[in-house]
Each structure stands twice: as structure tokens, then as C-alpha cells.
Amino acid sequence: MNIRLTWSLASTTVASLLVFGFALPVSAETSLALTASNVIAFANADRVALGAQPLIEDTVLNKAAQAKADDMATKGYFAHVDPSGNAPWVWFKKAGYAYRRAGENLGLNFTDAQSLEQAWMDSPTHRANIVKGAYTRMGIGIARGTYQGKPATFVVQFFATPYTAKVAAR
């Protein structure tokens, strides 16, 4: 039986909204695969269903999220704060990402994007990150490693409003 854990963390700063379209995966097989594009598609589908604008996939946030996922997989931890005491925002800084607002969701041992998204939506703190209208960008990292002596899949979902974006009221 796989362990399924998720965590959420968000910060509060000034917000911005941009409007862009997105498309959901077409086939059932691809929509279930645990890929960055599918995680983003499911999050955006939930956002739109709840009246929020879809998020834009951000390549720099993908890089930051992948670095955090790789770090957890390599070091065998599952937490917002790494074993050295660094908060999630260190990964943004290492990737050179300036933000006004940022959040993080984590997932462990999910095998498909749909069940991961459902678990996040069933958790009030994760759901808040996913549907927060203040966020305009999202990045995903997925890595395989070991957690508590067993093979594990780590997922990092970063949210942000870039520092350079125009600020809008909440």
C-alpha cells in the first residue's frame, strides 16, 4: 500500500491577475499520468470550475520545483523546510525567481495526477493554494527517490506571482 501524504504552505504578499487559456489532456491514459503538464491541467480545471483564472506554467518555477523535488528524493525527507532549515523560498532564490507572493504544495507517493489533485482539493490548505486568485504562475517538480527506507515519488507544486507583474487588488 502506498503512503499518500500532502503538505501545504503559503505566504501573503501583494497579488496580480492575468488571464490565459489552457487545455486539458485529451485521452484518459495521458490525463492520469503523473506528469507536470497533467498536474497543471488538473489544477487549472479546478481553478476555472471555482471561478479563478488558470495559472501559467512557468519554466523558472518548474526549475525551482524540480530542484526541491530532487533534493527531497536525494536526501530522503518530505517537508517544506529542508534538513538544513531552509524554507521553500530558498528554491525560488536559487532559480533566480523574484516573487510578490508564493506558495507550495507537496505530495508523496501518488501514481497519477488525478488522485494527487483530488487529495490536494480535499485538504483546505492545499485547496487554498490551488484556487487562490492572487497566484498567476505555477511550476511542478517530480522526482523518485527513497523515503523512510522505501522507494518514493515526490511532487512539488510551486505557485507565485512574479515580482515584475502589475499589482491588482485581491
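These numbers come from a predicted model, not from an experiment. (Residues numbered from 1 in each chain as written. Predicted model: local features only at pLDDT ≥ 70, side-chain atom pairs only at ≥ 80, totals over all residues. Heavy atoms only, no water.)

**With respect to the overall build of the protein**
Check the secondary structure of the protein and you find six helices and five strands. When burial is assessed residue by residue, the protein has 47% of its 170 residues classed as buried. Total accessible area computed for the protein in this model is approximately 8200 Å², and 57% of it derives from carbon and sulfur atoms. (Helix = DSSP H or I, 4+ residues; strand = E, 2+ residues; numbered from the N terminus. Buried < 20%, exposed > 50% of the residue type's maximum accessible area, 1.4 Å probe, protein only. Areas by Shrake-Rupley, 256 points an atom, 1.4 Å probe, with all protein chains shown as cover.)

**Some remarks on the packing of helix 2 (residues 36-49) against helix 5 (residues 113-122)**
Helix-helix packing is characterised by the crossing angle of the two axes and by the distance between the axes. Two elements in contact, helix 2 and helix 5, have axes separated by 9 Å at closest approach and are oriented at 40°. Comparing the axis directions of helix 2 and helix 5 gives the class oblique. Two packed elements cross with a definite hand, and for helix 2 against helix 5 that hand is right-handed. Touching Asn38, Val39, Phe42, Ala43 and Asp46 of helix 2 are Ala113, Gln114, Leu116, Glu117, Trp120 and Met121, all from helix 5. Grouping the constituent residues of the contact of helix 2 with helix 5 by class yields seven nonpolar, two polar and two charged. (Axes fitted to C-alpha atoms, helices over the stretch in contact; angles between N-to-C directions. Parallel < 35°, antiparallel > 145°, perpendicular 65-115°, else oblique. Left-handed = near helix turned anticlockwise from the far one by under 90°. Contact = heavy atoms within 4.5 Å. Nonpolar A, V, L, I, M, F, W, Y, C, P; charged D, E, K, R; others polar.)

**Observations regarding unusual backbone geometry**
In this structure, Asn109 is a non-glycine residue whose phi angle is positive, near 65°. Along the polypeptide, Asn109 turns up in the loop between strand 3 (99-108) and helix 5. With a relative accessible area of 10%, Asn109 lands in the buried category. Even without glycine at this site, Gln148 takes up a positive phi of about 50°. Mapped onto the elements of the fold, Gln148 is located in the loop between strand 4 (137-147) and strand 5 (150-162).

**Regarding the packing of aromatic side chains**
The geometry of an aromatic ring pair is captured by the separation of the ring centres together with the interplanar angle, meaning the angle of the planes. With the rule as written, the count across this model stands at eight aromatic pairs. Taking 6.0 Å as the distance between ring centres and 70° as the angle between the ring planes, the aromatic pair formed by Phe92 and Tyr97 counts as edge-to-face. Neither Phe92 nor Tyr97 differs from the other in exposure class; each is buried. Centroid distance Tyr135 to Phe159: 5.4 Å. Interplanar angle 20°. Geometry classified as stacked. Highlighted residues: Tyr135 in the loop between helix 6 (124-131) and strand 4 and Phe159 in strand 5, separated in sequence by 24 residues. Residue Tyr135 shares its accessibility class with Phe159, and that shared class is buried. Put simply, the rings of Trp89, Phe92, Tyr97, Tyr99 and Phe158 pair up and form one aromatic cluster. The residue whose ring lies beneath Lys94 is Trp91, and the NZ or CZ to ring-centre distance is 4.5 Å. Lying across the ring of Tyr135, Arg101 places its NZ or CZ 6.0 Å from the centre. (Phe/Tyr/Trp six-rings, centres within 6.5 Å; stacked < 30°, edge-to-face > 60°. Lys NZ or Arg CZ within 6 Å of the ring centre and 35° of its normal.)

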